Amino acid sequence: MSAAEFREDCRNPGRYVEATFDDLDPDVADQCLAWVRRLTDRYESHELRVQGPNLVFYGLNGHGKTHSAWAVAHLLRHTGYPSAVFGYIRDIPTHCISASSFVRAVQSDPTNFDILADVAVLILDDLSAARSTDFAIEQLHAMIDLRYTYQRPMVFTTNHTRQSTADTLGESIASRVFDESVLVKISGVNRRVEAAKV
């Protein structure tokens, strides 16, 4: 599959079309690879509904959380795992999900909820940017709770802690996102600042 086909199929922003673990901290890469291996091992053993914990990338802005999430998505694709769906929590394109965009997508067509609830792996970028309106929290909770209940894996990126997530989106969402999940802290240099220096 060409890069252009992959970008269209996964709604991959061009900036991350070639994201890999090669330029990540080795500890981060190891944690991601172990999580992916857990999922793919179950898939290869012919479990039709793969179950597993969530994967949460957390840390400051600009340090590589989104890059890491896309690296996971690429690795899942290359291992033959069913397509991950990626969405921006802020302004997602019409065909993707995001926290605020996820809410808009469900508002415009409720069937979008069912589609996203059923994908093998759901990746939500920038959870901390989700608006804390009653409707947004209700829809996010419904999606996260459904996938949590059936142990359908999700990948989150956020610059919030568990406590600040609870403060803005509620304890129930924070618990389902952070508790029993694989937590990967992304630190180091600010990639955006470093890129601007070049």
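Quick note: structure is the one above.
Residues numbered from 1 in each chain as written. Predicted model: local features only at pLDDT ≥ 70, side-chain atom pairs only at ≥ 80, totals over all residues. Heavy atoms only, no water.

**Q** Can you tell me about the overall build of the protein, naming the residues and giving the values?
**A** A count of helical and extended segments in the protein gives nine helices and five strands. Counted from the first residue to the last, the protein has its helices and strands arranged as α-α-β-α-β-α-α-β-α-β-α-α-β-α. (Helix = DSSP H or I, 4+ residues; strand = E, 2+ residues; numbered from the N terminus.)

**Q** Give a detailed account of the pattern of salt bridges, specifying residues and quantitative values.
**A** Under the defined criterion, the tally for this structure stands at three salt bridges. Ionic pairing is found between R162 and E171, a salt bridge with its closest N-O pair at 2.6 Å. You can call R162 partly exposed: its relative accessible area is 26%. The salt bridge partner of D179 is R162, with a shortest N-O separation of 3.0 Å. Taken together, the residues span a long stretch of sequence, with D179 in the loop between helix 8 (171–178) and strand 5 (182–186) and R162 in helix 7 (residues 162–169) at a distance of 17 residues. If you follow the salt bridges from partner to partner, you end up with R162, E171 and D179 in one network. (Salt bridge = Lys/Arg side-chain N within 4 Å of Asp/Glu carboxyl O. Buried < 20%, exposed > 50% of the residue type's maximum accessible area, 1.4 Å probe, protein only.)

**Q** If you had to explain the packing of helix 7 against helix 8 to someone new, which residues and values would you point to?
**A** At their nearest, the axes of helix 7 and helix 8 sit 7 Å apart, and the two run at 145 degrees to each other. The hand of the helix 7/helix 8 crossing is right-handed. For the pair helix 7 and helix 8, contact is made by R162, T165, A166 and L169 and by E171, I173, A174, S175 and F178, respectively. For the contact of helix 7 with helix 8, the class distribution of residues is five nonpolar, two polar and two charged. (Axes fitted to C-alpha atoms, helices over the stretch in contact; angles between N-to-C directions. Left-handed = near helix turned anticlockwise from the far one by under 90°. Contact = heavy atoms within 4.5 Å. Nonpolar A, V, L, I, M, F, W, Y, C, P; charged D, E, K, R; others polar.)

**Q** Just give me the short version of helix 6 (residues 134–149), but keep the residues and values in it.
**A** With 16 residues, helix 6 ought to run about 22 Å at 1.5 Å a step, and its terminal C-alpha atoms sit 22 Å apart, in line with that. Those residues of helix 6 that sit buried are A136, Q139, L140, M143, I144 and R147. Each buried residue of helix 6 sits inside an arc of 120 degrees when the element is viewed along its axis, so together they form one side. A positive phi of about 55 degrees marks Q151, the residue just after helix 6. (Expected span 1.5 Å × (residues − 1). Arc of directions from axis to C-beta.)

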